[in-house]
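# A look at the structure
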Amino acid sequence: MIQHTVVFRLRFPKSSIGEKKFLEAAMRLGTIPGVHYLKCHRQTSKKNNFHFGLTMEFENDKAYRAYNDHPQHLAFIKDYWIDGVEDFLEIDYSPYP
């Protein structure tokens, strides 16, 4: 199992139409085959400068790679992510040990 996490800061003002459209598009990533438990989180801590986080799970590395190469994911990156995200951090986890 792989848990994919990305935290980010948007270029759009808080509660703006741009923010809403970005987050709606991000949630549609959950329709890509192999994506499980997609959730969007609003940052509440003052310990970093990110505003939102997305988490999702994949059964294995093959499913995760398929997601990364999926046309819908690539379109999201091109149409929303590149222009909408100011800064981000991506973390991918697998169970320990």
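To start, this report covers the structure provided alongside it. All values reported here derive from a predicted model rather than from experimental measurement. (Residues numbered from 1 in each chain as written. Predicted model: local features only at pLDDT ≥ 70, side-chain atom pairs only at ≥ 80, totals over all residues. Heavy atoms only, no water.)

On to the overall build of the protein, then. A tally of helices and strands in the protein yields three helices and four strands. Going residue by residue from the N terminus, the α and β elements of the protein occur as β-α-β-β-α-α-β. Taken over C-alpha atoms, the radius of gyration comes to 13 Å for the protein, in line with the 13 Å a tight globule of 97 residues would show. Its C-alpha atoms give the protein principal-axis dimensions of roughly 40 × 30 × 20 Å. When each of the 97 residues of the protein is scored for burial, the buried share is 33%. The contacts of the protein with a sequence gap of at least 6 include a subset with a gap of at least 24, amounting to 68%. (Helix = DSSP H or I, 4+ residues; strand = E, 2+ residues; numbered from the N terminus. Rg over C-alpha atoms; globule rule 2.2 N^0.38 Å. Buried < 20%, exposed > 50% of the residue type's maximum accessible area, 1.4 Å probe, protein only. Contact = heavy atoms within 4.5 Å.)

This brings us to helix α3 (residues 71–84). Structurally, the α-helix is built with 3.6 residues per turn, so residues lying three or four positions apart point the same way. For α3, built from 14 residues, the straight-helix expectation of 20 Å at 1.5 Å per residue is met to within 8% by its first-to-last C-alpha distance of 19 Å. At I77, α3 shows its largest bend, some 40°. Within the span of α3, buried status applies to H73, F76, W81 and G84. In this structure, the buried residues of α3 make contact with β1 (2–10), α1 (17–27), α2 (61–69) and β4 (85–93). (Expected span 1.5 Å × (residues − 1). Bend = angle between axes of the 7 residues up to and from the residue.)

Mapped onto the fold, T5 is located in strand β1. Discounting chain neighbours no more than four positions away, the residues touching T5 are L54, T55, L89, E90, I91, D92 and Y93.

Within β1, seven of the nine residues are buried, which leaves the element mostly enclosed by the surrounding structure. As defined by bridge partners, β1 adjoins β4 across eight bridges and the pair is classed as antiparallel. Bridging across to β4, V7 finds its partner in L89. (Pairing = 2+ DSSP bridges.)

We now examine the packing of α2 against α3. The contact between α2 and α3 brings their axes to 5 Å, and the two run at 50°. As summarised for this structure, α2 and α3 are arranged oblique, according to the angle between their axes. Seen from α2, the contacting residues are Y67, N68 and D69; seen from α3, they are P71, H73 and L74. When its residues are assigned to classes, the contact of α2 with α3 shows three nonpolar, two polar and one charged. (Axes fitted to C-alpha atoms, helices over the stretch in contact; angles between N-to-C directions. Parallel < 35°, antiparallel > 145°, perpendicular 65-115°, else oblique. Nonpolar A, V, L, I, M, F, W, Y, C, P; charged D, E, K, R; others polar.)

Attention now goes to the sheet that holds strand β3 (residues 52–58). Read across the sheet, four strands follow the order β2-β3-β1-β4 without closing on themselves; strand pairing throughout is antiparallel. At either end of the open sheet lies a strand with only one pairing partner, and these are β2 (36–42) and β4. Averaged over neighbouring strand pairs, the angle between their axes works out to 15° when direction is ignored. Where β2 meets β3, five bridges bridge the pair, whose relative direction is antiparallel. Directly across from K39, in β3, lies its bridge partner T55. Here α2 sits on the sheet and contacts β1, β3 and β4; the angle it forms with β3, its principal contact strand, is near 130°.

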